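Spelled out, the chains give:
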Amino acid sequence: TSSKGHLSHPAAWARPRRGVIAIMASTTEGLLLTLMGTQAADHATRHGAEVQLAQLSVQHGFGLALLELLMSDQVDQQMRQLAAVLCRQYIDVHWSREKQGFQEPQVTDEHKVHMRA
């Protein structure tokens with residue numbers, strides 16, 4: 001296990017406040033907390049995190065943030081595996097407009113370079 005301490009499930013997930021969570025989730029740590037929330041036993045917590053994750057998944061930089069979590073040795077294995085699955089799904093639907101099943105936004109060329117590295 002890693003020593004994340006402050007990265008445990010926030011009590012605020014039970015009643016998410018849109019503005020606070022949007023600001024928090026704009027960071028990689030916020031994304032990690034969102035991913036952790038999707039695994040919560042509490043329905044309200046899990047649902048709030050799932051809604052937030054859906055909103056984040058259409059933001060530019062989402063794939064890069066997932067890769068950052070995936071590559072971090074400070075993130076536990078379960079969250080890294082979830083980030084890997086979500087990153088694969090993100091690439092499948094956002095990489096190229098020519099691909100069947102494409103959804104906006106398309107990954108920018110700059111982000112593609114970083115994701116391939």
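Just so it is clear, the model here is predicted, and its values are computed rather than measured. (Residues numbered from 1 in each chain as written. Predicted model: local features only at pLDDT ≥ 70, side-chain atom pairs only at ≥ 80, totals over all residues. Heavy atoms only, no water.)

Enquirer: Got a minute to help me understand the overall build of the protein chain in this structure?
Expert: Across its full length, the protein chain holds 6 helices and 0 strands. Along the protein chain, from the amino end to the carboxyl end, the secondary structure elements read α-α-α-α-α-α. Residues counted as buried form 39% of the 117 residues belonging to the protein chain. A total accessible area of about 7,200 Å² is found for the protein chain, and carbon and sulfur atoms account for 54% of it. (Helix = DSSP H or I, 4+ residues; strand = E, 2+ residues; numbered from the N terminus. Buried < 20%, exposed > 50% of the residue type's maximum accessible area, 1.4 Å probe, protein only. Areas by Shrake-Rupley, 256 points an atom, 1.4 Å probe, with all protein chains shown as cover.)

Enquirer: Which parts of the structure should I look at to understand unusual backbone geometry?
Expert: With an omega of 0°, the peptide bond between E104 and P105 qualifies as cis. Turning to its location among the elements, P105 is positioned in the loop between helix 5 (77-94) and helix 6 (109-116).

Enquirer: What is the right way to read the packing of helix 2 (residues 28-37) against helix 4 (residues 62-71) from this model?
Expert: Any two packed helices are characterised by the angle at which their axes cross and by the distance between the axes. Running from N to C, helix 2 and helix 4 cross one another at 80°; their axes reach a closest spacing of 10 Å. It follows that helix 2 is roughly perpendicular to helix 4 by the angle criterion. For the pair helix 2 and helix 4, the contacting residues are T28, L31, L32 and L35 in the first and F62, A65, L66, E68 and L69 in the second. When its residues are assigned to classes, the contact of helix 2 with helix 4 shows 7 nonpolar, 1 polar and 1 charged. (Axes fitted to C-alpha atoms, helices over the stretch in contact; angles between N-to-C directions. Parallel < 35°, antiparallel > 145°, perpendicular 65-115°, else oblique. Contact = heavy atoms within 4.5 Å. Nonpolar A, V, L, I, M, F, W, Y, C, P; charged D, E, K, R; others polar.)

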